[in-house]
Amino acid sequence: TYTWTAVRSGGSGTYTYRWRIRDVGGSWYTLGSAQNQTHSVYGGDPDFDLELRVVAGAETVYDTLRVTNCIGGGGCQY
């Protein structure tokens, strides 16, 4: 089980968060809307993309992270 945390810096106003996940090349679905997001990963799970959308006032920022699953043997090469 892994936890990702969005850390805001600077700016003012209210921040809203949206975490989304998809298998690589698949459809997105929403995981949650808190500043922290936890997701369990198992040995047979495919790699996935994790997206964070942050809205503060009139500004919206997206960031996507590719998570590579190295659980269950074979190892990862970087």
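Rules and cut-offs
- Residues numbered from 1 in each chain as written.
- Predicted model: local features only at pLDDT ≥ 70, side-chain atom pairs only at ≥ 80, totals over all residues.
- Heavy atoms only, no water.
- Helix = DSSP H or I, 4+ residues; strand = E, 2+ residues; numbered from the N terminus.
- Contact = heavy atoms within 4.5 Å.
- Areas by Shrake-Rupley, 256 points an atom, 1.4 Å probe, with all protein chains shown as cover.
- Core = buried A, V, L, I, M, F, W, Y, C linked by side-chain atoms within 4.5 Å.
- Buried < 20%, exposed > 50% of the residue type's maximum accessible area, 1.4 Å probe, protein only.
- Salt bridge = Lys/Arg side-chain N within 4 Å of Asp/Glu carboxyl O.
- Pairing = 2+ DSSP bridges.
- Polar contact = N/O pair within 3.5 Å; in protein donor to acceptor, adjacent residues only side chain to side chain.

A.B. asks: Please provide a residue-by-residue account of the overall build of the protein chain, values included.
C.D. replies: Scanning the protein chain from N- to C-terminus turns up zero helices and six strands. Sequence-ordered secondary structure for the protein chain, helices as α and strands as β, is β-β-β-β-β-β. Contacts in the protein chain between residues at least 24 apart in sequence constitute 48% of all its contacts with a sequence separation of at least 6. Carbon and sulfur atoms make up 47% of the accessible area of the protein chain, which amounts to about 5300 Å² in all.

A.B. asks: Kindly report on the nonpolar core, identifying the contributing residues and their values.
C.D. replies: Trp4, Ala6, Tyr15, Tyr17, Trp19, Ile21, Val41, Phe48, Leu50, Leu52, Val54 and Val67 form the largest nonpolar core, which has twelve residues in total. Among residues more than four places away in sequence, those in contact with Tyr17 are Ala6, Arg8, Gly32, Ser33, Ala34, Gln35, Leu52, Arg53 and Val54.

A.B. asks: Quick rundown of the pattern of salt bridges? Include the residues and the values.
C.D. replies: Following the criterion strictly, the structure yields four salt bridges and no others. Among the salt bridges present, the one from Glu51 reaches Arg18, with a minimum N-O distance of 3.9 Å. Note that Glu51 is positioned in strand S5 (residues 48-56) and Arg18 in strand S2 (residues 15-23), a separation of 33 residues in sequence. Asp49 serves as the salt-bridge partner of Arg66, at 2.4 Å between the closest nitrogen and oxygen. A residue pair is termed long-range when its members are at least 10 positions apart, and Arg66 in strand S6 (residues 59-67) and Asp49 in strand S5 qualify at 17 residues.

A.B. asks: Give a description of the pairing of strand S4 (residues 36-39) that names residues and reports values.
C.D. replies: By the alternation rule, side chains of S4 split into Gln37 and His39, which are all buried, and Asn36 and Thr38, of which none is buried. Direction of pairing for strand S1 (residues 2-5) relative to S4: antiparallel, over a ladder of four bridges. When the sheet's bridge partners are listed, Trp4 is paired in S4 with Gln37.

A.B. asks: Would you mind going over the side chain of Arg20 in detail, with residue names and values included?
C.D. replies: Mapped onto the secondary structure, Arg20 falls in strand S2. The buried category is assigned to Arg20, whose relative accessible area is 19%. For Arg20, the side chain forms a polar contact with the side chain of Glu51, separated by 2.7 Å. Dropping the residues within four chain positions of it, Arg20 is found in contact with Trp28, Tyr29, Thr30, Leu31, Asp49, Leu50 and Glu51.

Purely geometric numbers; function is a separate question.
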